[in-house]
Amino acid sequence: MSPFSQQGGNVHPTQTWLQRAWGNAYLLMVLTTLMWGGNAVASRLAVDNISPMMLTSLRWVAVCAIMPWLLRDQLRTHWPVLRAHWRLIAVLGTLGFTTFNTLMYLAAYSTSAINIGILQGSIPVFVLMGAFLVFRTKITLMQGIGVAVTLLGVAVTASRGDIHILMAFRFVPGDLLMIIACVLYAGFTVGVRKRPPVPGLVFFTAMASFACVASLPLLATEIALGRSYIPTPQGWLILAFTVIFPSIVSQLSFMRAIELIGPGRAGVFVNLVPVFAPILAVLIIGEPFGLYHALALALVLGGIFIAERLGR
């Protein structure tokens, strides 16, 4: 039975509100990107509260304790297809979930949540470049200009707006880690085009399962090196946030939005992540928003607009 079903002709006010929210793709995508932007802030808050590998591993362990149970019937139905494509699912889960989040949580030790959020804005451009390299997808002149503008924004972010840092290639390790994470996530996004014909949440759960397995050796290594520790109370809260919101709720709302308006229109909203992340970083943890941040954000979003809109 649907959670929004009516009984005896009466509709609870909460049900009406939930019905409207569940049917509003634009609200769902704003909430989705807000949660993804919040993940950048969580990565900074995690420093000294929960170790990077502990956060990555326990995040996917928790997801795999919840999602397979919720989707047990669908997983059973689609098991033959998942089994036939397990290698691709394993690579995508490891690349997009384990590796990306590990690098982001490591990056947070030496860069700001604002930088992490702005650099995530480069992913659509890296996807465009990856599609060209893998599928030979044509890149128009305007798309090429958009790529160049976005990469300039990435350079401004990584150099803190200092031309001397840029010329000497003396970047903060966290920014470099985040750029690598974005390139790898772009590779994940390009690879998703070959996804097996199963429902989105089933595919997500299968990838999360492999992400969980891939994260365990990283956690074991962190423990063996003596760099792991028991999370603080705040660390447990950060873990709970990453499990509930960026991992599960955002996936439910994202898939629902795709059902309502299609992947193309829903994908445009992903560009809100580099907007929400700096706002949340300023409001929640009081990070300073500098002039170079504004310039970098304008370049990144402007480049995406040129590539995705004018370059079509």
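Residues numbered from 1 in each chain as written. Predicted model: local features only at pLDDT ≥ 70, side-chain atom pairs only at ≥ 80, totals over all residues. Heavy atoms only, no water.

1. Remarks on helix H4 (residues 72-84)
Thought 1: The end-to-end C-alpha distance of H4, which contains 13 residues, comes to 18 Å, matching closely the 18 Å that a straight helix rising 1.5 Å per residue would cover.
Thought 2: The largest bend along H4 measures about 60° and falls at histidine 78, with the proline proline 80 one to four residues further on.
Thought 3: Packed against the buried residues of H4 are helix H3 (52-70), helix H5 (86-107) and helix H11 (200-224). (Helix = DSSP H or I, 4+ residues; strand = E, 2+ residues; numbered from the N terminus. Expected span 1.5 Å × (residues − 1). Bend = angle between axes of the 7 residues up to and from the residue. Contact = heavy atoms within 4.5 Å.)

2. Digging into unusual backbone geometry
Thought 1: The backbone phi angle of aspartate 48 is positive, close to 70°, even though this residue is not glycine.
Thought 2: Take aspartate 48: it is sitting in the loop between helix H2 (25-45) and H3.
Thought 3: Judged by its relative accessible area of 59%, aspartate 48 is exposed.
Thought 4: Backbone geometry places arginine 136, a non-glycine residue, at a positive phi of 60°.
Thought 5: Structurally, the position occupied by arginine 136 is in the loop between helix H7 (123-135) and helix H8 (141-159).
Thought 6: For arginine 136, a relative accessible area of 59% corresponds to the exposed category. (Buried < 20%, exposed > 50% of the residue type's maximum accessible area, 1.4 Å probe, protein only.)

3. Quick word on a nonpolar patch on the surface
Thought 1: A surface patch of nonpolar side chains, amounting to about 430 Å² of accessible area, comprises Phe132, Leu133, Val134, Phe135 and Ile139.
Thought 2: We classify leucine 133 as exposed; its relative accessible area is 60%. (Patch = residues over 30% accessible without salt bridge, like charges linked within 9 Å, V, L, I, M, F, W, Y side chains within 5 Å. Areas by Shrake-Rupley, 256 points an atom, 1.4 Å probe, with all protein chains shown as cover. Salt bridge = Lys/Arg side-chain N within 4 Å of Asp/Glu carboxyl O.)

4. Some details on the packing of H5 against helix H10 (residues 173-191)
Thought 1: As a packed pair, H5 and H10 sit with axes 9 Å apart at the nearest point and diverge in direction by 160°. Relative to H10, the element H5 lies roughly antiparallel. Considering the relative orientation of H5 and H10, their crossing is left-handed. Of H10, the residues touching H5 (which contributes Leu88, Leu92, Leu95, Gly96, Phe97, Thr99, Phe100, Leu103, Met104, Leu106 and Ala107) are Gly174, Leu177, Met178, Ile180, Ala181, Cys182, Leu184, Tyr185, Gly187, Phe188 and Gly191. (Axes fitted to C-alpha atoms, helices over the stretch in contact; angles between N-to-C directions. Parallel < 35°, antiparallel > 145°, perpendicular 65-115°, else oblique. Left-handed = near helix turned anticlockwise from the far one by under 90°.)

5. Comments concerning the packing of H3 against H11
When two helices pack together, their arrangement is given by the angle between the helix axes and the distance between those axes.
Thought 1: One can describe the packing of H3 onto H11 by two numbers: an axis separation of 8 Å at closest approach and a directional angle of 145°. By crossing handedness, the relation of H3 to H11 is classed as left-handed. Where H3 approaches H11, its residues Pro52, Met53, Met54, Thr56, Ser57, Trp60, Val61, Val63, Cys64, Met67 and Pro68 are matched on the opposing element by Leu201, Phe204, Thr205, Ala208, Ser209, Ala211, Cys212, Ser215, Leu216, Leu218, Leu219 and Glu222.
Thought 2: For the contact of H3 with H11, the per-class residue count stands at 17 nonpolar, five polar and one charged. (Nonpolar A, V, L, I, M, F, W, Y, C, P; charged D, E, K, R; others polar.)

6. Some words on the pattern of salt bridges
Thought 1: Overall, the coordinates contain three salt bridges when judged by the stated rule.
Thought 2: Note that arginine 76 is salt-bridged to aspartate 73, the shortest N-O span being 3.0 Å. Note that arginine 76 and aspartate 73 are positioned in helix H4 at a spacing of three residues, about one turn of the helix.

7. Observations regarding the nonpolar core
Thought 1: With 56 residues, the main nonpolar core has Trp60, Val63, Met67, Leu82, Phe97, Met178 and Met207 as its most contacted residues.
Thought 2: The dominant element in this core, judged by the number of residues it contributes, is H11, at ten residues.
Thought 3: Discounting residues that sit within four places of it in the chain, valine 63 has contacts with Pro68, Phe204, Ala208, Val243, Ser247 and Ile248.
Thought 4: If you look at the next biggest cluster of nonpolar residues, it comprises 17 residues, including Ile114, Ile118, Leu280 and Val300. (Core = buried A, V, L, I, M, F, W, Y, C linked by side-chain atoms within 4.5 Å.)

8. Here we look at the packing of aromatic side chains
Thought 1: Summed over the entire model, instances satisfying the criterion amount to ten aromatic pairs.
Thought 2: With a centroid separation of 5.8 Å and 40° between ring planes, the pair formed by tyrosine 26 and phenylalanine 269 is classed as tilted. Taken as a pair, tyrosine 26 in helix H2 and phenylalanine 269 in the loop between helix H12 (233-268) and helix H13 (273-285) lie far apart in primary sequence, 243 residues in all.
Thought 3: For phenylalanine 269, a relative accessible area of 17% translates into the label buried.
Thought 4: With a centroid separation of 5.7 Å and an interplanar angle of 50°, the aromatic rings of phenylalanine 97 and phenylalanine 188 are classed as tilted. In this pair, phenylalanine 97 sits in helix H5 while phenylalanine 188 sits in helix H10, placing the two residues 91 residues apart along the sequence. With respect to burial, phenylalanine 97 and phenylalanine 188 carry one shared label: buried.
Thought 5: Here the aromatic residues Trp60, Phe97, Phe100, Tyr185, Phe188 and Phe204 are joined through ring pairs into a cluster of three or more. (Phe/Tyr/Trp six-rings, centres within 6.5 Å; stacked < 30°, edge-to-face > 60°.)

9. Here's the deal with the state of the cysteines
One covalent bond between the sulfur atoms of two cysteine residues makes up a disulfide.
Thought 1: Counted according to the given criterion, the structure contains zero disulfides.
Thought 2: Note on cysteine 212: no disulfide assigned, nearest cysteine sulfur contributed by cysteine 64 at a separation of 4.5 Å.
Thought 3: When its relative accessible area of 11% is taken as the criterion, cysteine 212 is described as buried. (Disulfide = S-S within 2.5 Å.)

10. Quick notes on the environment of isoleucine 258
Thought 1: Structurally, the position occupied by isoleucine 258 is in helix H12.
Thought 2: Considering only alpha carbons, one finds isoleucine 258 and methionine 29, 229 residues apart in sequence, at a separation of 9.1 Å.
Thought 3: Apart from the residues lying within four places of it in its own chain, the contact partners of isoleucine 258 are Pro263 and Ala266.

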